[in-house]
Amino acid sequence: MMSQDDPKDPSSTDDTAEPVQQWPRSYLRRQGHITRGQKRAIARLWPQFGLTFKYGQTLDLEAAFGNDHPVTLEIGFGKGDVLAHMASQAPQRNFLGIEVHRPGVGALLGHVERLGLTNVRVLRGDAMIVLAEHLRGRPLDQTCIFFPDPWHRTKDHKRRIVRPQILSLLAERTRPGGQLHLATDVQDYARHMQEALHDSPHWQPQGQDGRVPRPSWRPMSLYEHKGLDEGRAVFNLRATLQEMPE
């Protein structure tokens, strides 16, 4: 389902006609505290950088960005600091961020404004539904999923975003040779990711069973710094999309 909150919020998406999900939701509907600055950023900047749509509509990313540059998707961008930094360092690329939580959307839009970015678009909703229902063809060049909710309890592992369904959806929306970048500081989740990539008929793990050094273009977030200070190891994984039959 898409966002359900104040209809006056420009980032809200009408989800009344969305199909019933066939998979467990990978997030909770908690919104957290949103600051006045984040609210103002959404109100002021969403018309320029936000993508709003209804069920049944297809997103045209070339039209949204106004060019055909390669598109990097980040799913669950949190506070948006990493996405904004990546976009500032690669103006020749387009960056699409998907996040369900309103404070994160406001935070990213604030970063976009402060850095003067023009190559970022923001979409608020469920990434699984966006990939399945609102994108067509293969508009993506690479996808990043950094430090997703690990859903620690065994009974909740089915909710982890890195699972066969999303790997298949991303394969359908990514050009051959496109890249998938993952990161987690939970060893059990890293093994889960490695197994999912190994079992996928579409994604070829790189490095040692998918594990690679941290890409130089991925900055460390405050969350990652805190984890390293607390002695947690960070696992970076990368996979390449193989040629898929039409």
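Nothing here was measured: the structure is a model prediction, and the numbers come from that model. (Residues numbered from 1 in each chain as written. Predicted model: local features only at pLDDT ≥ 70, side-chain atom pairs only at ≥ 80, totals over all residues. Heavy atoms only, no water.)

K.L.:
Outline unusual backbone geometry, listing residues and values.
P.N.:
Despite not being glycine, Phe-147 shows a phi value in the positive range, around 55°. With respect to the helices and strands, the residue Phe-147 is situated in the loop between strand E4 (140-146) and helix H6 (164-173). Look at Phe-147 and you get buried, because its relative accessible area is 17%. Unusually for a residue other than glycine, Asp-209 sits at a positive phi of about 55°. Here Asp-209 lies in the loop between strand E6 (203-205) and strand E7 (211-212). The exposure class of Asp-209 is exposed, given its relative accessible area of 57%. (Helix = DSSP H or I, 4+ residues; strand = E, 2+ residues; numbered from the N terminus. Buried < 20%, exposed > 50% of the residue type's maximum accessible area, 1.4 Å probe, protein only.)

K.L.:
Before we move on, can you summarise the side chain of His-181 with the specific residues and values?
P.N.:
Checked against the element boundaries, His-181 lands in strand E5 (residues 174-184). Setting aside residues no more than four positions away along its own chain, His-181 makes contact with Gln-142, Thr-143, Cys-144, Ile-145, Phe-146, Pro-215, Trp-217, Leu-237 and Arg-238. (Contact = heavy atoms within 4.5 Å.)

K.L.:
I'd like a rundown of the packing of aromatic side chains, residues and numbers included.
P.N.:
Counted under the stated rule, the structure contains 1 aromatic pair. A centroid spacing of 5.6 Å and a plane angle of 65° characterise the contact between Phe-147 and Tyr-223, whose relative ring orientation is edge-to-face. Of this pair, Phe-147 sits in the loop between E4 and H6 while Tyr-223 sits in helix H8 (residues 222-229), and the two are 76 residues apart along the sequence. Arg-160 extends its terminal NZ or CZ atom over the ring of Tyr-189, reaching a point 4.5 Å from the ring centre. The cationic tip of Arg-218 hangs over the ring face of Phe-146; the distance from NZ or CZ to the ring centre is 5.2 Å. (Phe/Tyr/Trp six-rings, centres within 6.5 Å; stacked < 30°, edge-to-face > 60°. Lys NZ or Arg CZ within 6 Å of the ring centre and 35° of its normal.)

K.L.:
Any chance you could break down the packing of helix H1 (residues 36-49) against helix H4 (residues 102-115) for me, citing the residues and the numbers?
P.N.:
Orientation of H1 relative to H4, taken along the N-to-C sense of each, is 70°, at an axis distance of 8 Å. Classed by the angle they form, the pair H1 and H4 counts as roughly perpendicular. Of the two possible hands of crossing, H1 and H4 adopt the one that is left-handed. Contacts from Gln-38, Lys-39, Ala-41, Ile-42, Arg-44, Leu-45, Trp-46 and Phe-49 of H1 reach H4 at Arg-102, Pro-103, Val-105, Gly-106, Ala-107, Leu-109, Gly-110, Val-112 and Glu-113. Residue composition of the contact of H1 with H4, by class: 10 nonpolar, 3 polar and 4 charged. (Axes fitted to C-alpha atoms, helices over the stretch in contact; angles between N-to-C directions. Parallel < 35°, antiparallel > 145°, perpendicular 65-115°, else oblique. Left-handed = near helix turned anticlockwise from the far one by under 90°. Nonpolar A, V, L, I, M, F, W, Y, C, P; charged D, E, K, R; others polar.)

K.L.:
Explain the pattern of salt bridges to me, and be specific about the residues and the numbers.
P.N.:
Scanning the model with the defined rule gives 8 salt bridges in all. For Asp-141, the salt bridge is made with Arg-175, and the minimal N-O distance between the two is 2.3 Å. Note that Asp-141 is positioned in strand E4 and Arg-175 in strand E5, a separation of 34 residues in sequence. Its salt-bridge partner being Arg-160, residue Asp-188 comes within 2.9 Å of it at the nearest N-O pair. Linking Asp-188 in helix H7 (residues 187-199) with Arg-160 in the loop between E4 and H6, this pair joins segments that are 28 residues apart in sequence. Overall, Asp-188 belongs to the partly exposed group, its relative accessible area being 31%. (Salt bridge = Lys/Arg side-chain N within 4 Å of Asp/Glu carboxyl O.)

K.L.:
Go over the nonpolar core, please, and point to the residues and values.
P.N.:
By size, the foremost hydrophobic cluster in this structure holds 38 residues, and its most contacted members are Leu-61 and Trp-203. By size, the runner-up hydrophobic cluster in this structure holds 26 residues, among which are Val-82, Ala-87, Ala-90 and Phe-147. (Core = buried A, V, L, I, M, F, W, Y, C linked by side-chain atoms within 4.5 Å.)

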